[in-house]
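Summary of the model geometry
Residues per chain, in single letters:
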Amino acid sequence: MKKNRTLLQTMKRAALLMLALMLLALPALAQEAFEIGALTPVVLPAQDASGECALYCGPTQGFYRHGEAVIDTREPFVCFGQYDCWAMVAAGTPQAFGPVGWIEAAALSSLHGAAELGFEDALPVMIEEDAPLTDDPLSDAPEALATLLRGTQVTLLACFGDWGYVQTELEGVPVRAFVPMSAIL
């Protein structure tokens, strides 16, 4: 009887120890899971001929477009990378740029130095608290394209500082934009 009680207490302690170790490992696992790649803007030279290009929230014309969004490639802009025949860009400099979107790469004379954006490490994640979905993560008051509600399933494609770059849908149309990382951690 005493042997069984001692064995039971030992098993309880071992189970509690294993639980404690698993709980301690969770933040490290979460951090590792979100180390899927970071977006890094690269300055590209202003283009001579292109001018204004339609700006989409993803790498095809089938993605959401915020109003009549455009980017003037004759002005300073940054490029985060390219996918297929599309380039992920934003007007401005790496320290201060506007809305992020995608334009057809053919509009650019050069994508020298632009990374390939395959997002091979993308992860399905859940929005843990209501969060704004924006195409303008550097703005002091980013305009929300939509509010993603708690429980919404999205695909985390990459990280940009305190923002996650995700893919989801707005009214049945695919969209890639930013949500605070705190909303998915």
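The written sequence of each chain sets the order in which its residues are numbered from 1. Where totals are concerned, whole chains, interfaces and linings use all residues; where local detail is concerned, this predicted model gives features only for residues with pLDDT of at least 70, and gives and counts side-chain atom pairs only at 80 or more. Hydrogens and waters are ignored; side-chain quantities use all the structure's heavy atoms.

What about the overall build of the protein?
- Under the scheme used here, helices are H or I runs from DSSP no shorter than 4 residues and strands are E runs no shorter than 2 residues, and both carry numbers assigned from the N terminus. When you go through the protein residue by residue, the secondary structure sums to 1 helix and 12 strands.
- For each residue, the accessible area found with a 1.4 Å probe, counting protein chains only, is set against the maximum for its type, and the residue is called buried under 20%, exposed over 50%, and partly exposed in between. Looking at the protein residue by residue over its 185 residues, the buried ones come to 39%.
- Any two residues whose heavy atoms approach within 4.5 Å at even a single point are treated as in contact. A sequence separation of at least 24 residues applies to 56% of the contacts in the protein between residues at least 6 apart.
- Under the convention used here, a 1.4 Å probe and the Shrake-Rupley method define accessible areas, while residue burial counts only the protein chains that appear. Counting every atom, the protein has about 10600 Å² of accessible surface; 57% of that belongs to carbon and sulfur.

Notes on the nonpolar core
- Counting residues in hydrophobic clusters, the biggest one holds 20 residues, and the most contacted among them are Ile 127, Leu 133, Leu 156, Val 175, Val 179 and Ile 184.
- Going through the elements one at a time, strand 8 (131-133), strand 9 (146-148), strand 10 (153-160), strand 11 (163-170) and strand 12 (173-180) are the ones with two or more residues in this core. Buried Ala, Val, Leu, Ile, Met, Phe, Trp, Tyr and Cys residues that are joined via side-chain atoms within 4.5 Å together make up what is termed a nonpolar core.

Looking at the sheet that holds strand 5 (residues 86-93)
- Strands are treated as partners if at least two bridges between them are detected by DSSP. Read from one edge of the open sheet, 4 strands run 1-4-5-6, paired in antiparallel fashion. Both outer strands of the open sheet, strand 1 (42-44) and strand 6 (96-104), are each paired with one neighbouring strand and no more. Sheet twist, expressed as the average angle between the axes of neighbouring strands with direction ignored, equals 35 degrees.
- By the bridge criterion, 7 bridges tie strand 5 to strand 6 in an arrangement that is antiparallel. Of the residues in strand 6, the one forming a bridge with Gly 92 is Phe 97. Axis definition: a line fitted to C-alpha atoms, limited for helices to the stretch in contact. Angles are taken between N-to-C directions and run from 0 to 180 degrees.

These values are about where atoms sit, not about what they do.
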